[in-house]
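Examination of the molecular architecture
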Amino acid sequence: MKIVDSVSRMSTFTRLLKKEAKTIGFVPTMGYLHEGHLSLVRAAKKHDDTAVMSIFVNPIQFGPKEDFDKYPRDFKRDEELARSAGVDVLFYPSVKDMYPHGYATYVAVEALSSALCGASRPGHFKGVATVVAKLFGIVRPDIAYFGQKDAQQAIIIKKMAEDLHMGVEIKMMPTIREPDGLAISSRNIYLTDDERSDALVLSRSLERAGHLIKHGEKNPKKVLTAINDMIKEKPSVKIDYVSIAGTKDLKEVDTIGSEVLIAIAAYVGRTRLIDNIIIKAALSAIPK
Ligand code: PAF
């Protein structure tokens, strides 16, 4: 595994790969790798000649009161995990190299970025879109892989790549879960044992919602009530939002149609967790 720690060296290496007509599969991460990231690497290994992973804790996607300084970092551990998953190139730039003095260019994917998590994390998706656009410019991937756990992020990046003709295919891969259903996240390490146990209500309430819809429930209000009621039973969990939205425009739906994203964000203790499912309703449940 090649480790590249500067933007200019990575750009040079990308040019070499392109000259050799090697396809590039890209997994952008903020490190503290877990099974979710490694599953994306495995997908890249399957579809592309070269698997490139970036590790960069992107300061501009954290709000002033968020956990940028506290965000877990362990490069040695990440390096080992990336190597064992078969990453070919690990790109590990510094903040100074990515955002040198006088940096001035940002990417905003409008409308989609203010929905769901965007409402309580203003500026977050502008930071994400900007860094991913920069990384795409440096790595020039054929395919980039994102986890469904951050479905809004993947939908925004897909829109950005289409709107800006970036020539990269965006693949959204399934959420990886612990055996008891908790969606795997770097932030799970912040949870106490009791909070971790309460956090299970997120995946369980989504499961319940999925069950209701699969059995014909088309009224989003009823499904939202079922989710909210379950979550409210857990004292350490405070809902930020629960939403049933279209998967293309992220707008809340009046009726549950062919495909919806059911998304939850909640504080478990002091840790903000997100989870979601995408439900493709049975044809018989689609209103005319
Ligand atoms: O999902 C993440 O880890 C980050 O938001 C990303 C896509 C690497 C951009 O910093």
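The structure presented is a predicted model; accordingly, all values stated were derived computationally and were not measured.

1. Things to note about the nonpolar core
With 46 residues, the main nonpolar core has Met10, Phe136 and Met160 as its most contacted residues. Contributions of two or more residues to this core are made by α1 (7–19), β2 (24–29), β4 (89–91), α6 (124–139), β5 (143–147), α7 (151–163) and β8 (259–268). Among residues more than four places away in sequence, those in contact with Phe136 are Phe26, Pro141, Ala144, Phe146, Ile157, Met160, Met166, Val168 and Ile170.

2. Quick notes on the sheet that holds strand β9 (residues 271–280)
Read from one edge of the open sheet, three strands run β7-β8-β9, paired in antiparallel fashion. With one partner strand each, in any of the chains shown, β7 (237–246) and β9 form the two edges of the open sheet. Each neighbouring strand pair of the sheet contributes to a mean axis angle of 15°, computed without reference to strand direction. Here nine bridges tie β7 to β8, and the two strands are oriented antiparallel to one another. In the strand pairing of β8, Val237 is matched with Val268. Docked against the sheet, helix α9 (residues 220–232) engages β7 and β8, running at close to 160° with respect to β7.

3. Description of the site of the ligand
In the neighbourhood of the ligand, the contacting residues comprise Pro28, Thr29, Met30, Asn58, Gln61, Val131, Phe146 and Gln153. Residue Gln61 places a side-chain N or O atom 2.6 Å away from an oxygen atom belonging to the ligand. Here Gln153 contributes a side-chain N or O atom positioned 2.7 Å from an oxygen atom of the ligand. With the chains in place, 89% of the 280 Å² that the ligand exposes on its own is no longer accessible. Of the residues belonging to the shell around the ligand, the class tally is four nonpolar, four polar and no charged.

4. Let's talk about the side chain of Asn188
Along the chain, Asn188 turns up in the loop between β6 (169–173) and α8 (193–214). For Asn188, the contacting residues outside a window of four places in its chain are Leu182, Ala183 and Leu273.

5. Overview of the confidence of the model for the protein chain
For the protein chain, the average pLDDT comes to 96, and 97% of its residues sit at 70 or higher. pLDDT under 50 marks residues 283–288. Its contacts with residues more than four places away, or in other chains, come to seven contacts.

6. Some thoughts on the side chain of Thr175
Examined against the element boundaries, Thr175 turns out to sit in the loop between β6 and α8. Overall, Thr175 belongs to the buried group, its relative accessible area being 17%. A distance of 3.1 Å separates a polar side-chain atom of Thr175 from the backbone nitrogen of Lys149.

7. Focus on the pairing of β8
Of all 10 residues in β8, eight are buried; the element is thus mostly enclosed. Relative to β9, β8 runs antiparallel, the two being bridged by 10 bridges. Looking at the pairing, Tyr267 lines up with Arg272 of β9. Joining the antiparallel neighbours β8 and β9 is a turn of two residues, in which Gly269 adopts a positive phi near 65°.

8. A few points about the packing of α8 against α9
α9 packs onto α8 with a crossing angle of 155° between their chain directions and a minimal axis gap of 9 Å. Looking at the two axes, α8 sits roughly antiparallel to α9. Of the two elements, α8 crosses α9, and the hand of that crossing is right-handed. Contacts from Val201, Leu202, Arg204, Ser205, Arg208, Ala209, Leu212 and Ile213 of α8 reach α9 at Val223, Ala226, Ile227, Met230 and Ile231. Tallied by class, the residues present in the contact of α8 with α9 amount to 10 nonpolar, one polar and two charged.

What counts and how
- Residues numbered from 1 in each chain as written.
- Predicted model: local features only at pLDDT ≥ 70, side-chain atom pairs only at ≥ 80, totals over all residues.
- Heavy atoms only, no water.
- Core = buried A, V, L, I, M, F, W, Y, C linked by side-chain atoms within 4.5 Å.
- Buried < 20%, exposed > 50% of the residue type's maximum accessible area, 1.4 Å probe, protein only.
- Helix = DSSP H or I, 4+ residues; strand = E, 2+ residues; numbered from the N terminus.
- Contact = heavy atoms within 4.5 Å.
- Pairing = 2+ DSSP bridges.
- Axes fitted to C-alpha atoms, helices over the stretch in contact; angles between N-to-C directions.
- Near = heavy atom within 4 Å.
- Polar contact = N/O pair within 3.5 Å; in protein donor to acceptor, adjacent residues only side chain to side chain.
- Areas by Shrake-Rupley, 256 points an atom, 1.4 Å probe, with all protein chains shown as cover.
- Nonpolar A, V, L, I, M, F, W, Y, C, P; charged D, E, K, R; others polar.
- pLDDT = per-residue confidence, 0-100.
- Parallel < 35°, antiparallel > 145°, perpendicular 65-115°, else oblique.
- Left-handed = near helix turned anticlockwise from the far one by under 90°.

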